[in-house]
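Secondary and tertiary structure notes
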Amino acid sequence: KRVGKRATLLLEKRLRQLIVITPDIIQRVYLLWKQFPENAPARRVSGYLLTYLYRPQDFLPEEQHGLFGHLDDAYFAALVYEYVLGAIEGTGNSQTALDKRFKKEISNMKDSAKLVIPHEAEKIEAMFSEILKTDQSALFAAAFTNWGIK
């Protein structure tokens with residue numbers, strides 16, 4: 001209803017693809033975050049991504065929305081991945097061919113998601129912006145240490 005009948009097929013394909021590649025995006029974020037110092041913002045937002053994905057209560061709960069409920073997770077993962085890729089460029093390290101391809105594809109998919117879930121996307125972007133402003137690395141470090149995770 002939000003995008004009309006003509007755009008539905010293209011958007012459905014892009015959104016389904018975004019949801020399907022989300023595990024690959026998460027894996028790339030995890031592999032890339034190792035290149036940053038412990039207190040780097042790219043590492044912090046990666047930790048928040050994992051926390052967000054673990055929480056069953058989010059902007060579009062899967063229990064209520066089925067497969068569509070994964071779209072907010074995929075959108076947030078795409079935001080984090082784009083941020084981490086930008087941070088990699090800032091360190092002088094080069095992106096892999098996979099990262100370059102994903103970056104281009106994800107931008108289109110993310111824009112498609114924003115058309116379908118505009119209110120949720122806005123909230124996710126605000127949350128992401130707040131995460132970037134807040135340095136809670138000491139809090140995370142303490143929590144992981146308390147659980148024996150290094």
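Remember, it's a predicted structure, so these values are computed and weren't measured experimentally.

Rules behind the numbers
Residues numbered from 1 in each chain as written. Predicted model: local features only at pLDDT ≥ 70, side-chain atom pairs only at ≥ 80, totals over all residues. Heavy atoms only, no water. Helix = DSSP H or I, 4+ residues; strand = E, 2+ residues; numbered from the N terminus. Contact = heavy atoms within 4.5 Å. Areas by Shrake-Rupley, 256 points an atom, 1.4 Å probe, with all protein chains shown as cover. Core = buried A, V, L, I, M, F, W, Y, C linked by side-chain atoms within 4.5 Å. Buried < 20%, exposed > 50% of the residue type's maximum accessible area, 1.4 Å probe, protein only. Axes fitted to C-alpha atoms, helices over the stretch in contact; angles between N-to-C directions. Parallel < 35°, antiparallel > 145°, perpendicular 65-115°, else oblique. Left-handed = near helix turned anticlockwise from the far one by under 90°. Nonpolar A, V, L, I, M, F, W, Y, C, P; charged D, E, K, R; others polar. Expected span 1.5 Å × (residues − 1). Arc of directions from axis to C-beta.

1. Digging into the overall build of the protein
Assigned secondary structure in the protein consists of seven helices and zero strands. Here the contacts in the protein between residues at least 6 apart in sequence split such that 75% fall between residues at least 24 apart. Put simply, the protein shows about 9300 Å² of open surface, and 57% of that area lies on carbon and sulfur atoms.

2. Regarding the nonpolar core
In this structure, L18, I25, L71, F76, V80, Y81 and V84 are the most contacted members of the largest nonpolar core, which totals 39 residues. Those residues in contact with F76, other than ones at most four positions away along the chain, are Y48, L49, Y52, I124, M127, F128 and I131.

3. A short note on the packing of helix α4 (residues 71-91) against helix α5 (residues 97-116)
The contact between α4 and α5 brings their axes to 10 Å, and the two run at 140°. Classified by the interaxial angle, the pair formed by α4 and α5 is oblique. Where α4 crosses over α5, the handedness of that crossing is left-handed. Within the contact between the two elements, α4 uses L71, Y75, A78, L79, Y81, E82, L85 and E89 and α5 uses L98, D99, F102, K103, I106, S107, K110, A113, K114 and V116. Here the residues of the contact of α4 with α5 sort into 11 nonpolar, one polar and six charged.

4. Brief notes about α4
Along its 21 residues, α4 runs 30 Å from first to last C-alpha, staying within 8% of the 30 Å computed at 1.5 Å per residue. Counted residue by residue, α4 has 16 buried out of 21 residues, so it is predominantly covered. One or two steps after α4, the chain reaches G92, where phi turns positive at roughly 90°.

5. A word on helix α6 (residues 118-133)
Taking 1.5 Å per residue as the helical rise, α6 with its 16 residues ought to reach 22 Å, and the 23 Å between its terminal C-alpha atoms agrees with that figure. Looking only at α6, the buried set comprises E120, A121, I124, F128 and I131. The arc enclosing the buried residues of α6, seen along the axis, measures out at 100°, which places them on a common side. What points out from α6, more than 90 degrees from its buried face, is the exposed set H119, E122 and K133. For α6, the elements touching its buried residues are α2 (41-54), α4 and α5.

6. Notes on the environment of V84
Following the sequence through the fold, V84 ends up in helix α4. Looking at V84, the relative accessible area reads 0%, which means it is buried. As a C-alpha pair, V84 and W33 span 51 residues in sequence and 7.5 Å in three-dimensional space. Beyond its immediate chain neighbours, meaning those up to four positions away, V84 contacts V29, L32, F36, A42 and S46.

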